[in-house]
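What follows is each chain in one-letter form.
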Amino acid sequence: MASDNSSKNPTFPPIQQEVLKEISVGRDLSVGDITQNIDITQNIDISYNSSDSSLKNVDLQAWLDKAMQRSRARCIARWQSAGVSESDAIALVDDSSIGTIPFNIQSVPGSLHILIGEMGSGKYLIVERMFQMAIQDAKQNSDAAIPIFLEASKLPRDCSLEQIVQEKTCGLCDLGVRRILVFIDGVDETGTSNANRLLGEARYLIQIGQPITIAITSRPTPEFSAAEEAIEIPLLSQKSAEALVSRLAGWHIQGVSCKLTQSVRDAICRPLFSILLGTYLQNSKVQLPQSKEQLLSELVKRSLHPLGEKVIQAKQLLERLAVASIDRGGAAVPVNEIADWSEQSRITESRLVVEEAGEIRFSLPVLTEWFAAQSLAAGEPYSEVLVRDSQRLERWQYPLVLATAILAPKRVSEILIPIVENQPAIAAAIINEALANQGYTFEMPSLPVLELGCQVRTAMQSWVTGLDELASKITPVLPNEKLPTTGVRLSEQDLDLSGVSLQQPWIEIGWHSTSTNPEEVVELPPGIDFPELCQLGWRSLDGSGVYQHPSWAWQWSYEKLVDSLSRLLRDRSLPVTAGHLSLEAAWYIASKLIRRNVSNWEPIPIDEIAVLLAKSSKSSVSPRVRHALEQLEIEIETAREQGRSHLSLPDSVQNFRKTSVYSPKILLNYAETIYRGAVQGYTDLVNKWFPKFTPQLPLASILPAQLVGVVCASNSISLGLYWEALPYGSQSTVDFSLSDRQPTLDMDRYKTAIHQMQRLRPKALLYPYFKVFSQNPITAGWLGECPVTELVYQWLWEDLKTMGWVKGELGNAGYPYWR
């Protein structure tokens, strides 16, 4: 810390400079009020106005000076909102060692960076530091890029990003001539659809070759985390977090840091919570907070305390503001919509909001979510209402995360059940963020064993309803679509922790094989192992430590479903109707039955297979073999209905497999057939097994679509691919062509495809990148042994992985590698 800053408050402990270099102050350290003696904020309009002509023919140096003032004002205001004093906030903004820019961010023209970090991880300050450095560069170098800072929640939704950038640079430079640096903060706060729109438009500006660099900040939503341009913001080290806490607390916390709960120790590695803990410890050196949610609650209490008897009404008004702001995608709200003239002072006196031109908003996005979660606790809005409007549900996702984390289990279940039953993909995202990594407790649950079982059953029943047909494959549901009796028991197990033996509470949950037991939940008998339980009709038993969070049943059930779905996809055993995907499974099991080498591609007589199939048992084989046998039954029945006497692969596949001379035409026809089969197979699987997931599956979100392919064949082979959206009601298909050189883009067609994707699929989660796949030399194994099966399951796996519905890797243990 600089000596002049330390001298202002001699109680601050000395902190090594190398420690401070790791510190980045958080995105959500926003704003409260800036006192009147900070004149850098006077007469500064920091909102976007599409009709603003103030940038036309302006003096660049003056404009840059004003931009720097705005940036400093935003930083100071955000720290003050987290309880930091004015003098400390100014000292923090002047300390360039705080908010260090990650080394892997380079402002190369034509690049896009997505800065990914959880709430309070420091995204905001990093992008402000980048903006400030760009301002300094532009002031000193006439050839430097012009920097623009945009707050996503303030951008008009009826204007494209290109139009906004053009308006912002009007009078400063010509877009397309001078380099531009665009910083967009908080896109995740505006809702998934709008965030994806902004990301798509940013990619478009990069793809068309504009001399522009764009940096976007977002929480780790599945779509943004999986993006190729994503850069994860590193967390603070424990040492750096403690240094920042000590700096703001005014005393060294090293002696008490070991007494913090694991939840708080993990939380302060995100700078927002370091700030909140530091300001908390200014007032309380005895009682330590138990969770990050408590730190937020304490911030609110301190801010509302001066209101005295007016606090209840102020809280109601703030909840009303939170609901209105969330419904507007995080935007400010006209103050007269929230309170009349006599009530307005109660809102502004809370120091939790800022007012600009007759509109108010919370100073910290997390405060918006905190008060929105309190409103959810009171039933406004009801989950049943939210699930009827998918866009509104998207905007409410983060308040729902916070509500799930802080409310009592009964209220959490009331909130989650309608969402799980109607929007299981979004529900999983909420549960995963709110309850994941909660860890286990060493205290026995206070609830009776049967009550714990009822919680599990309630959660699993909701998933059964929400997953539709998929439930029959990955939940313990019986053929009559009912859950069997749930068994539960509690015990203790010895745990060796660093040489110390501890007793860890242990919970076991099982499902009966029948529904004959009239009781829905029973206590499993103690001391009986699983083999003995099997003899009593119990078909499964899962044991684990007891989770810390009281709403653990939702996390537990979700994790079991993810494990089950991951196994199912690795076995490539989702049933499908007749078609190329089904045919590959049928072909390989038919070859196995007649003891033929799978490399023999001659048609197989159906009558011969049918006899062997009738003698095969499905009870003693692996799931993937059982699946293949069932698909063979479907293919035989289809062939007979069509009057065919043999099971055979498409002509283009037979031609490719038989030949040793791969002509361009053979290669083109083969690739076209395989990818057409994959597109159809993927569509069939999604429509049958994942209908409620479709809006959140990246590839499914753009269908119907056309896969454009360019095949180049010489001694090696290359295949270039990208997607074009088609009008709703169209049939998904492929359009492949030959090229005599390495696949390159038809730029005009590609630009049209991007525009069409933005126009026809504004909510698309998949960007139509042009990708090239090559192999040298060409062999009969090009595209794989079971190419359609592998493509379909790779696409589906990547889709589900972005949503957290599978874990690990798909692997290559598909056909013909049966076990």
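Every chain begins its residue count from 1, and numbering advances along the sequence as written. Local features in a predicted model are, by the rule used here, given only for residues with pLDDT of at least 70; side-chain atom pairs are given and counted only at 80 or more, and totals for whole chains, interfaces and linings are based on all residues. As a rule here, side-chain values cover all heavy atoms of the structure and leave hydrogens and water aside.

Peer 1: What am I meant to see in the nonpolar core here?
Peer 2: Nonpolar side chains tend to gather and get buried jointly when the protein is soluble and globular. Ile214, Trp463 and Trp805 are the most contacted members of the largest nonpolar core, which has 241 residues in total. Aside from chain neighbours lying at most four places away, what touches Trp463 is Val420, Pro424, Ala427, Ala428, Ile431, Trp554, Ser557, Tyr558, Leu561 and Trp805. Within the second largest apolar cluster, eight residues are counted, among which are Tyr204, Val708, Ile754 and Tyr769. Buried Ala, Val, Leu, Ile, Met, Phe, Trp, Tyr and Cys residues that are joined via side-chain atoms within 4.5 Å together make up what is termed a nonpolar core. Only protein chains enter the area calculation, which uses a 1.4 Å probe; residues under 20% of their type maximum are buried, those over 50% are exposed, and those in between are partly exposed. Any two residues whose heavy atoms approach within 4.5 Å at even a single point are treated as in contact.

Peer 1: Just to check I follow, could you spell out helix H7 (residues 192-207) for this structure?
Peer 2: Every α-helix winds through 3.6 residues per turn, so residues three or four apart in the chain are directed the same way. Put simply, DSSP marks the helices as runs of H or I at least four residues long and the strands as runs of E at least two long, and each gets a number from the N terminus on. Every helix has an expected span of 1.5 Å times one less than the residues it contains. Look at H7: 22 Å from first C-alpha to last across 16 residues, which is about the 22 Å you get at 1.5 Å a residue. Burial within H7 is extensive, with 14 of its 16 residues counted as buried. Looking one or two residues beyond H7, the residue adopting positive phi is Gly209, at roughly 85°.

Peer 1: Whenever I open this one, the packing of aromatic side chains confuses me. Can you help?
Peer 2: The way to describe two aromatic rings as a pair is by their centre distance and the angle between their planes. Here is the rule: rings of Phe, Tyr and Trp (six-membered ring for Trp) pair when centre to centre is within 6.5 Å. Planes less than 30 degrees apart are stacked, more than 60 are edge-to-face, and the remainder are tilted. Summed over all chains, the structure comprises 23 aromatic pairs. Both rings, one in Tyr682 and one in Trp795, keep their centres 6.2 Å apart while their planes meet at 80°; by these two values the pair is edge-to-face. Pair noted here: Tyr682 is in helix H31 (residues 664-689) and Trp795 is in helix H33 (residues 787-802), with a separation of 113 residues, a long-range link. Among the residues examined, Trp795 registers a relative accessible area of 18% and is labelled buried. A centroid spacing of 6.1 Å and a plane angle of 65° characterise the contact between Tyr722 and Phe770, whose relative ring orientation is edge-to-face. With Tyr722 in strand S16 (residues 717-725) and Phe770 in the loop between helix H32 (747-760) and strand S18 (771-775), this pair connects stretches of sequence that are 48 residues apart. For Tyr722, a relative accessible area of 3% corresponds to the buried category. Look at Phe770 and you get partly exposed, because its relative accessible area is 21%. Whether a charge sits over a ring comes down to the Lys NZ or Arg CZ being within 6 Å of the ring centre and within 35 degrees of the ring normal. One cation-aromatic arrangement involves Arg74 over Phe149; the distance from NZ or CZ to the ring centre is 4.0 Å. Note that Arg78 overlies the ring of Tyr124, its terminal NZ or CZ placed 3.5 Å from the centroid.

Peer 1: Honestly, the sheet that holds strand S4 (residues 212-218) in this entry has me stumped. Any pointers?
Peer 2: Backbone-to-backbone hydrogen bonds join strands into a sheet, with any given pair of strands oriented parallel or antiparallel. Overall, parallel pairing links the five strands, which are arranged S2-S3-S4-S1-S5 in an open sheet. Either end of the sheet is taken by a strand with one partner, and the two such strands are strand S2 (146-151) and strand S5 (230-232). Going from strand to strand, the sheet's axes swing by 20° on average, the running direction of each strand aside. Taken together, the five bridges between strand S1 (residues 112-116) and S4 define a ladder with parallel strand orientation. Counted as the bridge partner of Ile114 is Ile216 from S4. This element, helix H6 (residues 161-169), spans S2, strand S3 (180-185) and S4 of the sheet and lies at about 125° to S2. Only the stretch in contact is used when a helix axis is fitted, and all axes are lines through C-alpha atoms; the angle between N-to-C directions ranges over 0 to 180 degrees. On top of the sheet, H7 reaches S1 and S4; it is set at about 160° to S4, its chief contact. Only strands joined by at least two bridges in the DSSP assignment are considered to pair.

Peer 1: For this particular structure, what's the right way to read the environment of Ala372?
Peer 2: By the element assignment, Ala372 lies in helix H17 (residues 365-377). Taking the C-alpha atoms as reference, Ala372 lies 18 Å from Gly186; in sequence the two are 186 residues apart. Apart from residues no more than four positions distant in its own chain, Ala372 is found in contact with Ala322, Ile326, Trp396 and Pro399.

Peer 1: What is the right way to look at the packing of helix H22 (residues 424-435) against helix H26 (residues 552-570) in this model?
Peer 2: With their axes 10 Å apart at the nearest point, H22 and H26 run at an angle of 120° to one another. With respect to H26, the axis of H22 lies oblique. In this structure, H22 meets H26 at a crossing whose hand is left-handed. The segment H22 lies against H26, with Ala428, Ile431, Asn432 and Leu435 engaging Trp554, Gln555 and Tyr558. A per-class count over the contact of H22 with H26 returns five nonpolar, two polar and no charged. Reported orientations rely on four angle classes, namely roughly parallel under 35 degrees, roughly antiparallel over 145, roughly perpendicular from 65 to 115, and oblique for the rest. Crossings are classed by handedness, with left-handed meaning an anticlockwise turn of the near helix from the far one by less than a right angle and right-handed meaning a clockwise turn. Three residue categories are used. Nonpolar comprises Ala, Val, Leu, Ile, Met, Phe, Trp, Tyr, Cys and Pro, charged comprises Asp, Glu, Lys and Arg, and polar comprises the others, including Gly.

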